[in-house]
Amino acid sequence: MITAAQMRAARALLGIDQKKLAEMSGVSLPTIQRMEASDGNVRGIVDSLTKVVEALQTAGIELINEHVRSESGGRGVRLRQPGSPSGRAN
């Protein structure tokens, strides 16, 4: 599953706007806008959601779910839970 925040972060990493993501995925712009306006996990038709996720992955985005380790290299974004250690190097 993908969250609205992950979608926005993925677009930011790719340097694309909602219109470009709609074109890449074959999903309408209003659908992308609704997905990104979701609270938490993106809600929508499974087919549309699958198309968006596949388009992001094809563009090089690795979606990292909670409690999952990323084994491959590259840049990414992960949101810490409030109160958890920062993980910053000194």
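In this numbering scheme, every chain counts its residues from 1 along its sequence in written order. Totals for whole chains, interfaces and linings use every residue, but because this is a predicted model, local features are given only for residues with pLDDT of at least 70 and side-chain atom pairs only at 80 or more, for both listing and counting. Think of the side-chain values as coming from all heavy atoms in the structure, minus any hydrogens and water.

Caption draft 1: Examining the pattern of salt bridges more closely. Any Lys or Arg side-chain nitrogen located within 4 Å of an Asp or Glu carboxyl oxygen qualifies as a salt bridge. Counted according to the given criterion, the structure contains two salt bridges. Among the ionic pairs, Lys51 bridges to Asp47, the shortest N-O distance being 3.6 Å. Taken as a pair, Lys51 and Asp47 lie in helix H4 (residues 46–58) at a separation of four residues, close to a single helical turn. On the accessibility criterion, Asp47 (46% relative accessible area) is partly exposed. Put simply, DSSP H or I for four residues or longer makes a helix, DSSP E for two residues or longer makes a strand, and each gets a number counted from the N terminus. Burial here depends on accessible area, computed with a 1.4 Å probe over protein chains only, as a share of the maximum for the residue type. Under 20% is buried, over 50% is exposed, and the range in between is partly exposed.

Caption draft 2: Region of interest: the environment of Leu29. Looking at the secondary structure, you find Leu29 in helix H3 (residues 29–36). The spacing of Leu29 and Gln18 is 11 residues in sequence and 6.7 Å in space, taken between C-alpha atoms. The contacts of Leu29, once residues within four sequence positions are left out, are Gln18, Lys19 and Ala22. Contacts between residues were defined by any pair of non-hydrogen atoms, one from each residue, lying within 4.5 Å.

Caption draft 3: Here's a closer look at H4. Residue count minus one, scaled by 1.5 Å, sets the expected span of a helix. Taking 1.5 Å as the rise per residue, H4 with 13 residues should run 18 Å; its terminal C-alpha atoms sit 18 Å apart, in good agreement. For H4, the set of buried residues is Ser48, Leu49, Val52, Val53, Ala55 and Leu56. In an axial view of H4, the angular spread of the buried residues amounts to 160°, which keeps them on one side of the axis. With respect to the buried face of H4, the exposed residues turned more than 90 degrees away are Val46 and Thr58. At its buried positions, H4 is contacted by helix H1 (4–14), helix H2 (18–25) and H3. Positive backbone phi, at 110°, marks Gly60, one or two positions downstream of H4. Summarising the geometry, the arc corresponds to the directions from the helix axis toward the C-beta atoms.

Caption draft 4: Structural view of the side chain of Ser38. Within the secondary structure, Ser38 is located in the loop between H3 and H4. Overall, the relative accessible area of 17% leaves Ser38 in the buried class. Here the side chain of Ser38 touches Met35 through a polar contact of 3.0 Å, landing on its backbone oxygen. In contact with Ser38, other than residues within four places in its own chain, are Ala4 and Arg43. Polar contact is defined as a pair of N or O atoms within 3.5 Å, subject to the rule that within protein one atom must be able to donate a hydrogen and the other to accept it, and that residues adjacent in sequence are counted only when both atoms are side-chain atoms.

Caption draft 5: Looking closely at the packing of H2 against H3. Between H2 and H3, whose axes approach to 8 Å, the crossing angle comes to 115°. Between H2 and H3, the crossing angle belongs to the class labelled roughly perpendicular. For the crossing formed where H2 meets H3, the hand is right-handed. Contacts between H2 and H3 pair Gln18, Lys19, Leu21, Ala22 and Ser25 from the former with Leu29, Ile32, Gln33 and Glu36 from the latter. Asp, Glu, Lys and Arg are counted as charged, while Ala, Val, Leu, Ile, Met, Phe, Trp, Tyr, Cys and Pro are counted as nonpolar; the rest, among them Gly, fall into the polar class. Residue composition of the contact of H2 with H3, grouped by class: four nonpolar, three polar and two charged. Note on definitions: angles span 0 to 180 degrees between N-to-C directions of axes, and those axes are lines fitted to C-alpha atoms, for helices only across the stretch in contact. An angle counts as roughly parallel when it lies under 35 degrees, as roughly antiparallel when it exceeds 145, as roughly perpendicular when it falls between 65 and 115, and as oblique in every other case. Handedness of a helix crossing follows the sense of rotation of the near helix relative to the far helix, less than a right angle counterclockwise being left-handed and clockwise being right-handed.

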